Amino acid sequence: MASHRPPWLYLSSAISTSLSPRCTSPCMNLPLATAPSSISVLALLSALPPARSIWHVKSSKTMTPFSLSALRQLPHGNLLMRPPAYWRFIKRLCMSELLGPRTLEQLRPIRQSEVAFLLCGLLEKSRVGEAVNLSKELIKLTNNIITRMVASSTAGDEADMLHRVVKQVAEVMGTFNAEDYIGFLRGLDIQGLNKKMREVHRNFDNLLEGFITAKEKSRNKAPERGSGEAKETPVKDLLDILLDVAGDPTAEVKITRENIKGFILDIFTAGTDSSASTIEWTLSELINHPKIMQKLREEIDRVVGRDRVIGEADVPNLPYLNAVVKEMMRIHPAAPISYRISTKETIIGGYTIPANTTAAINLYSTGRDPKYWVDPHEFRPERFFEESNANLDVKGLHYQLIPFGSGRRVCPGIGFALQVVPAALAALVQCFEWKIDEGTANENGKVDMEEGGDGGLVSYRAKPLVVVPIPRLNPFP
Ligand code: HEM
């Protein structure tokens, strides 16, 4: 029988305190230097079903409860609130079709053109020596990419509107709501969060209804290009794929219009800030480690040259770039906490987890566990060329490095993130030198690496990354 609570595991149920005589308060602060044995993570991530998430991550150190009652105001809700048959089906659809290798390959031109658009904007700023809020620009990049992958014909304004609404959903959800915890307040909505969520939902619904209706119209009149053998099949965006499944009478699960909207909300909330913040943290580390930045530039110059911008197809040929990205995901996983719920009493690693307990697994501390990592807090991509780490990847099989989680609920956006993050990061490194703006620097003149931005599910930087780009390629391709 367990005598105390494992240090890496956080439990949120009334009974969690009964696990440990030493645990007297709800578990808000996560340990940073302790981690599970790999066997324990394996057991948790793959054995237990997903949790109905009730925590909102402020940074890798703190969590606050989600506003559950606000979340319930979203009728098409969130993946986390839907029945098991639905999420199993949509997860499989995600991994094989929506975010699978074939779709990612077909939609690559969209991603490349959005990276090119970002580079052009930065070049303009560099011409006048203007500082850029790169945090904002990177969110815009990932938001535009996902919007255009969902509905390829959308324009920049629509992408901006969509991101604003998704951000509002995350903000309302992430606010502590007293009525979730104090019985007699239930239903009174004294903070006005439920009303706000209904309003945000209406806006989101109107926007998506517009996207879906426009798509249905274009599908009805789209002529097939070419004829006979030479017929070209137009590239399908995610909305096409979802509408195909919704109209398929033989599909295993009937997905509705509401489900389509819910899926789109899910990939926006899960995919935009996580990918943008990984690029942002990595560039911050590189600016603070000029030798590593230099080594990476030399690799890019050697493999890609200086006459064209690096693209996603180059990524497999750049081992040092891949090591830099892995090192970043080890030291700063964008989503530092993963959740599971126990449906029955379970013993894991010698600890008893009572039934119906939400367990929060700290991926951040796993990546910094001194049992598995030498100098765990040091940013040193070279560690991935050492024999003991040479075969590690981030896909959920090596439990000391699981920035995308593991098991049945592993992140379905992993393929997307491993294309977009390295390619966009490498383009920023290849095309520009970066000068730190005063507001971003700490007292040592380095980029301030404090965590703690507000809102959403991701571990944000406390201060935005504001930097001055200086073009490095001349002429700029
Ligand atoms: C660097 C970028 C990203 C990181 C670090 C990341 C990390 C994670 C983690 C840790 C989980 C929980 C996994 C678990 O509990 O085992 C997750 C879930 C999820 N991610 Fe990602 N993610 C990233 C990008 C993306 C992208 C680009 C998308 C979509 C386009 C996406 C969609 C999702 C979805 C829908 C879930 C919920 C899956 C489920 O509950 O079954 N993620 N992600």
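Note that the structure is predicted; figures quoted are calculated from it, not measured. (Residues numbered from 1 in each chain as written. Predicted model: local features only at pLDDT ≥ 70, side-chain atom pairs only at ≥ 80, totals over all residues.)

**Observations concerning the overall build of the protein**
Step number 1: The number of helices and strands found in the protein is 14 helices and 10 strands.
Step number 2: Across the 477 residues of the protein, 44% fall into the buried class.
Step number 3: Of the contacts made within the protein by residues no fewer than 6 positions apart, 75% connect residues no fewer than 24 positions apart. (Helix = DSSP H or I, 4+ residues; strand = E, 2+ residues; numbered from the N terminus. Buried ≥ 20, exposed ≤ 12 C-beta atoms within 10 Å, placed from the backbone. Contact = placed C-beta atoms within 7 Å.)

**Description of the UniProt feature "binding site: heme" (unreviewed entry) in the protein**
Step number 1: Sequence positions flagged by UniProt for "binding site: heme" (unreviewed entry) are, in local numbering, Cys411.
Step number 2: Tracing the chain through its elements places Cys411 in the loop between helix H13 (363-366) and helix H14 (414-431).
Step number 3: A tally of 25 C-beta atoms within 10 Å means that Cys411 is categorised as buried.
Step number 4: For Cys411, the residues in contact, after removing those within four places along its chain, are Phe404 and Gly405. (UniProt positions renumbered as here; feature names shortened; annotations may be inferred.)

**Digging into the environment of Leu123**
Step number 1: Structurally, the position occupied by Leu123 is in helix H5 (residues 108-127).
Step number 2: According to the C-beta neighbour criterion, Leu123 is partly exposed, with 15 such atoms within 10 Å.
Step number 3: Dropping the residues within four chain positions of it, Leu123 is found in contact with Pro471 and Phe476.

**What about the packing of H5 against H14?**
Step number 1: Where H5 meets H14, the axes come as close as 11 Å, and the angle between the chain directions of the two elements is 30°. On the basis of their axis angle, the class for H5 and H14 is roughly parallel. Of the two elements, H5 crosses H14, and the hand of that crossing is right-handed. Residue-level inspection shows Arg111, Val115 and Leu119 of H5 in contact with H14, the latter providing Gln419, Val420, Ala423, Ala424, Ala427 and Cys431.
Step number 2: For the contact of H5 with H14, the per-class residue count stands at 7 nonpolar, 1 polar and 1 charged. (Axes fitted to C-alpha atoms, helices over the stretch in contact; angles between N-to-C directions. Parallel < 35°, antiparallel > 145°, perpendicular 65-115°, else oblique. Left-handed = near helix turned anticlockwise from the far one by under 90°. Nonpolar A, V, L, I, M, F, W, Y, C, P; charged D, E, K, R; others polar.)

**Some remarks on the site of the ligand**
Step number 1: Taken together, 30 residues lie around the ligand, and Ala270, Gly271, Gly405, Cys411 and Gly413 are the ones closest in.
Step number 2: Counting residues per element, the ones that place at least two in the shell around the ligand are helix H10 (257-288) and H14.
Step number 3: With 7 residues, H10 is the largest single contributor of residues to the shell around the ligand.
Step number 4: A per-class count over the shell around the ligand returns 18 nonpolar, 9 polar and 3 charged. (Near = placed C-beta within 6 Å.)

**Overview of the packing of helix H11 (residues 290-303) against helix H12 (residues 319-331)**
Step number 1: Interhelical geometry of H11 versus H12 gives an angle of 140° and a closest axis separation of 8 Å. Two secondary-structure elements touch here, H11 through Ile292, Lys295, Leu296 and Glu299 and H12 through Tyr320, Leu321 and Val324.

**A word on the confidence of the model for the protein**
In low-pLDDT regions, the fine details of the predicted coordinates are not to be read closely.
Step number 1: A residue-level look at the protein finds 76% of positions with pLDDT of 70 or above and a mean pLDDT of 78.
Step number 2: Strand E1 (residues 9-12) is the least confidently modelled element of the protein, averaging 44 in pLDDT, while H11 averages 98, the highest of any element.
Step number 3: Across residues 1-43, confidence stays below pLDDT 50; counting only partners more than four residues off in sequence or on other chains, it has 83 contacts.
Step number 4: Taken together, the stretch residues 50-58 has pLDDT below 50 and engages in 41 contacts with residues farther than four places along the chain or on a different chain. (pLDDT = per-residue confidence, 0-100.)

**Section: unusual backbone geometry**
Glycine aside, residues mostly have negative phi, and peptide bonds are mostly found in the trans state.
Step number 1: The phi angle at Asp189 is positive, at roughly 50°, despite the residue not being glycine.
Step number 2: Residue placement: Asp189 occurs in the loop between helix H7 (156-173) and helix H8 (193-221).
Step number 3: Its identity is not glycine, yet Asp375 carries a phi of approximately 45°, on the positive side.
Step number 4: Within the secondary structure, Asp375 sits in the loop between H13 and H14.

**Quick look at the sheet that holds strand E4 (residues 132-133)**
Whenever strands of a sheet pair, they do so through backbone hydrogen bonds, lying parallel or antiparallel.
Step number 1: Taken together, 3 strands build an open sheet; the order of strands is E4-E10-E9 and the sheet is antiparallel. Because the sheet does not close on itself, it has two edges, and the strands there are E4 and strand E9 (432-436).
Step number 2: Where E4 meets strand E10 (residues 466-471), 2 bridges bridge the pair, whose relative direction is antiparallel. Across the sheet, the residue bridging to Asn133 is Val466, located in E10.
Step number 3: The strands touched by H5 are E4, E9 and E10; relative to E10, the strand with the most contacts, the crossing angle is about 90°. (Pairing = 2+ DSSP bridges.)

**Section: H12**
Step number 1: Over its 13 residues, H12 extends 18 Å from the first C-alpha to the last, a length consistent with the 18 Å expected when each residue adds 1.5 Å.
Step number 2: In terms of burial, H12 is a largely internal element, 11 of the 13 residues being buried.
Step number 3: The inward-facing, buried residues of H12 contact H10, H11 and H14. (Expected span 1.5 Å × (residues − 1).)

**Looking at the pairing of E10**
Step number 1: Bridge count between E9 and E10: 5 bridges; the pairing is antiparallel. Counted as the bridge partner of Glu433 is Ile470 from E10.

**Some words on the environment of Phe204**
Step number 1: By the secondary structure assignment, Phe204 is in helix H8.
Step number 2: Accessibility expressed as a C-beta count within 10 Å gives 23 for Phe204, which makes it buried.
Step number 3: As a C-alpha pair, Phe204 and Arg164 span 40 residues in sequence and 9.5 Å in three-dimensional space.
Step number 4: Filtering out sequence-adjacent residues up to four positions away, Phe204 remains in contact with Val165, Val169 and Leu265.

**Remarks on H11**
Step number 1: An ideal rise of 1.5 Å per residue puts 20 Å on 14 residues; H11 measures up with 20 Å between its terminal C-alpha atoms.
Step number 2: Every buried residue belonging to H11 is among Ile292, Leu296, Glu299 and Ile300, and all of these are buried. Burial along H11 is one-sided: seen end-on, the buried residues are contained in an arc of 95°. The exposed set on the far side of H11, more than 90 degrees from its buried face, consists of Pro290, Lys291, Gln294, Glu298 and Arg302.
Step number 3: Those residues of H11 that are buried are in contact with H10, H12 and H14.
Step number 4: Gly305 sits one or two residues past H11 and shows a positive phi near 90°. (Arc of directions from axis to C-beta.)

**Description of the environment of Gly262**
Step number 1: Looking at where Gly262 falls in the secondary structure, it is placed in helix H10.
Step number 2: Its 22 C-beta neighbours within 10 Å are what place Gly262 among the buried residues.
Step number 3: Along the backbone, Gly262 and Asp205 are 57 residues apart, and their C-alpha atoms lie at a distance of 9.7 Å.

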